[in-house]
Amino acid sequence: MLSRPSRRSKYSEEDLYCRIDDCLWAFSDPRTCMKHRQRHFPVQWSCPGPCKKTDKEGKFARSETLKRHLLFRRYAACKKVVLKRLGLQSVPASGALWLAPLRDGPDRPWESPDFQLTDLKTVKERKMSVCGTTKAPSPAEKIRRRRYK
Ligand SMILES: [Zn+2]
Ligand SMILES: [Zn+2]
């Protein structure tokens, strides 16, 4: 599903709060929020290249790691396969978002019926009590610290 919604000005407030477990992060853009939410879920990035000899090989916990893998000279064959698969001429220098199609698992696990997001009211209440007591770390810092459970 790569189609971008044409109307982007109207989104619900619920999409601006992470609301995964006790995560209270708020965002000004729902897309940033979605991207942030994905970090709560351990995802795998699999290399479609020839490095994959067993089931465990060719899987990476982070897109950056997969990207690094593709840049190794000894995995040039993998790079070729990936570039062909994604229709690219070369590995983009910045970021790893272009690797998104190689991600394993659902795009938005929090939308699955057996996952429950914390409701907005609770999040706001918690946020009220959290703010003012401790200085909150930036979202990136917090995630780095708690890792993927
Ligand atoms: Zn979060
Ligand atoms: Zn590979």
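Under an unreviewed UniProt entry, the chain has the name C2H2-type domain-containing protein and belongs to Lactarius akahatsu.

Helix and strand counts for the chain stand at five helices and three strands. What you see in the chain, going N to C, is helices and strands ordered as α-β-β-α-α-β-α-α. Put simply, the chain has 149 residues, and 14% of those count as buried. For the chain, the proportion of contacts with a sequence separation of at least 24, taken over those separated by at least 6, is 51%.

On the basis of which strands lie adjacent, the open sheet formed by three strands has the order 2-1-3 and antiparallel pairing. Looking at which strands have only one partner, the edges of the open sheet turn out to be strand 2 (59-60) and strand 3 (103-104). Here strand 1 (residues 44-46) pairs with strand 2 via two bridges, running antiparallel. Bridge pairing links Ser46 to Lys59 in strand 2.

For the rest of this paragraph, the subject is the UniProt feature "domain: C2H2-type" (unreviewed entry) in the chain. The residues that UniProt annotates with the feature "domain: C2H2-type" (unreviewed entry) are residues 18-40. With 39% helix and 0% strand, residues 18-40 has end C-alpha atoms that lie 10 Å from one another.

Looking now at the environment of Thr32. Checked against the element boundaries, Thr32 lands in helix 1 (residues 30-38). Given 13 C-beta atoms within a 10 Å radius, Thr32 is considered partly exposed. C-alpha of Thr32 to C-alpha of Leu16: the two residues are 16 residues apart in sequence and 8.4 Å apart in space.

So, on to unusual backbone geometry. In this structure, Arg19 is a non-glycine residue whose phi angle is positive, near 65°. Position of Arg19 relative to the elements: it lies in the segment before helix 1. By the C-beta count within 10 Å, which is 22 here, Arg19 ends up buried. Positive phi values are uncommon outside glycine, yet Asp21 reaches one of about 50°. Take Asp21: it is sitting in the segment before helix 1.

Right, let's talk about the environment of Val91 for a bit. With respect to the helices, strands and loops of the structure, Val91 is situated in the loop between helix 3 (76-86) and strand 3. Assessed through the 15 C-beta atoms surrounding it within 10 Å, Val91 is described here as partly exposed. Distance from Val91 to Leu71, taken between C-alpha atoms, is 7.9 Å for residues 20 residues apart in sequence. Other than its neighbours up to four places away in sequence, Val91 contacts Lys67, Leu70, Leu71 and Lys79.

Criteria and cut-off values
The numbers attached to residues start from 1 for each chain and follow its sequence in the written order. Going through the entries in the order they are written, you letter the chains from A and number the ligands from 1. Reporting in this predicted model follows two pLDDT cut-offs: at least 70 for local features of residues, and 80 or more for side-chain atom pairs to be given and counted; totals over whole chains, interfaces and linings ignore these cut-offs and use all residues. The way it works is that DSSP assigns letters per residue, a run of H or I at least four long becomes a helix, a run of E at least two long becomes a strand, and they are numbered from the N terminus. Field definition: a residue is buried when 20 or more other C-beta atoms are found within 10 Å of its C-beta, exposed when 12 or fewer are, and partly exposed for counts in between, with C-beta atoms placed from the backbone. C-beta atoms are placed from the backbone for every residue, and two residues are taken to be in contact when these atoms lie within 7 Å. A pair of strands is considered paired only if DSSP assigns at least 2 bridges between the two. UniProt positions are given in the numbering used here, feature names are shortened, and annotations may be inferred rather than shown by experiment.

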